[in-house]
Amino acid sequence: DKIETNAITAGKIAAGALSTDKLQANAIVASKMAITDWTNLVPDNQLVEPSNWALSPGVSIVPANSTSYNSQGRIVFNIGETGTTGTAVAYSKTFFPVAQGNELFVSSQILRGGAGTNYNLSIQVLCYDKDDVLVQTLNAITQTGNASSYTPVTGSAIVTVSTAVKAIYRVSVVLDN
């Protein structure tokens, strides 16, 4: 038995009707997918447009220079310009929508170069209410180390504040100590 084209559409599926515990492996295979609602995607999530980011001195957005990166661009924290201690920060300038209960996923890769011994990386999601008041800071990734790795580090955080309606990302590095 085959299901006719367009017989099942989003408007005909009740909330919670499809879940992974009700689907067999490979039950749904998409050869093509149309995304019509982009509102929940982080603006410039591939790090390709420097004008989408507020950057402290010594921080830049540059194209990925290797196929080992998962994104098309990267944030570079240049310790030669910021000194050997202190914090360098990059903020996304454009809000993306959030709501209480949303789980946000983050992935990062660290490539460490130059002099120095250690770094402390923090990726946070800053949640705001409708009046642009910060109502929650979520720590999605915190990483300390002294080595490079192209292996992605992943993290997640759940929005718990009911008044949160939008968010931005803050990426910061406490430079070598």
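Please refer to the structure higher up on the page.
Note that the structure is a prediction, hence the values are computed from the model and not measured.

Engineer: What am I meant to see in the pairing of strand β10 (residues 166-174) here?
Structural biologist: For a regular strand, side chains alternate in direction, first toward one face of the sheet and then toward the other. Where burial is concerned, most of β10 is hidden: seven out of the nine residues are buried. Relative to β10, strand β4 (residues 87-92) runs antiparallel, the two being bridged by five bridges. Each bridged residue has a counterpart across the sheet, and for threonine 87 the counterpart in β10 is valine 174. Strand direction decides the pairing type here: strand β7 (residues 119-128) and β10, joined by nine bridges, are antiparallel. Each bridged residue has a counterpart across the sheet, and for asparagine 120 the counterpart in β10 is valine 174.

Engineer: How should I be thinking about the packing of aromatic side chains in this particular structure?
Structural biologist: Any aromatic ring pair is given by two values, namely how distant the centres are and how the planes are angled relative to each other. Taken as a whole, this structure holds two aromatic pairs when the rule is applied. On the basis of an interplanar angle of 25° and a centroid distance of 5.3 Å, the ring pair of phenylalanine 96 and tyrosine 169 is categorised as stacked. With phenylalanine 96 in strand β5 (residues 96-97) and tyrosine 169 in strand β10, this residue pair connects regions lying 73 residues apart in the sequence. In terms of burial, phenylalanine 96 and tyrosine 169 fall into one category: buried.

Engineer: Before we go on, may I ask you to explain the nonpolar core in this structure?
Structural biologist: Soluble, globular proteins show a tendency: their nonpolar side chains are buried together. Residues Ile75, Leu121 and Val125 are the most contacted members of the largest nonpolar core, which totals 28 residues. Counting only elements with at least two residues in this core, the list comes to β2 (59-63), β3 (73-77), β4, β6 (103-110), β7, β8 (134-145) and β10. Of the residues forming this core, the biggest block, five residues, is contributed by β7.

Engineer: Could you clarify how one ought to interpret the environment of threonine 163 in this entry?
Structural biologist: Residue placement: threonine 163 occurs in the loop between β9 (149-158) and β10. Overall, threonine 163 belongs to the partly exposed group, its relative accessible area being 42%. For threonine 163 and cysteine 127, which are 36 residues apart along the polypeptide, the C-alpha to C-alpha distance reads 9.1 Å. Each residue touching threonine 163, except ones within four places of it in the same chain, is listed here: Tyr128, Asp129, Lys130 and Val135.

Engineer: So what exactly am I meant to see when it comes to the pairing of β3 here?
Structural biologist: Across the two faces of β3 the burial differs, with Gly73, Ile75 and Phe77 buried and Arg74 and Val76 not buried at all. Where β2 meets β3, five bridges bridge the pair, whose relative direction is antiparallel. If you follow valine 62 over to β3, its bridge partner there is arginine 74.

Engineer: Could you clarify how one ought to interpret the pattern of salt bridges in this entry?
Structural biologist: Oppositely charged side chains may form a pair once their charged atoms are brought near each other. Per the counting criterion, the structure on display carries two salt bridges. Lysine 130 is the salt-bridge partner of aspartate 131, the closest N and O atoms lying 3.3 Å from each other. Between aspartate 132 and lysine 166 there is a salt bridge, with the nearest N and O atoms lying 2.3 Å from each other. One end of the pair, aspartate 132, is in the loop between β7 and β8; the other, lysine 166, is in strand β10, with 34 residues separating them in the sequence. For aspartate 132, a relative accessible area of 46% translates into the label partly exposed.

Procedures and definitions
- Residues numbered from 1 in each chain as written.
- Predicted model: local features only at pLDDT ≥ 70, side-chain atom pairs only at ≥ 80, totals over all residues.
- Heavy atoms only, no water.
- Buried < 20%, exposed > 50% of the residue type's maximum accessible area, 1.4 Å probe, protein only.
- Helix = DSSP H or I, 4+ residues; strand = E, 2+ residues; numbered from the N terminus.
- Pairing = 2+ DSSP bridges.
- Phe/Tyr/Trp six-rings, centres within 6.5 Å; stacked < 30°, edge-to-face > 60°.
- Core = buried A, V, L, I, M, F, W, Y, C linked by side-chain atoms within 4.5 Å.
- Contact = heavy atoms within 4.5 Å.
- Salt bridge = Lys/Arg side-chain N within 4 Å of Asp/Glu carboxyl O.

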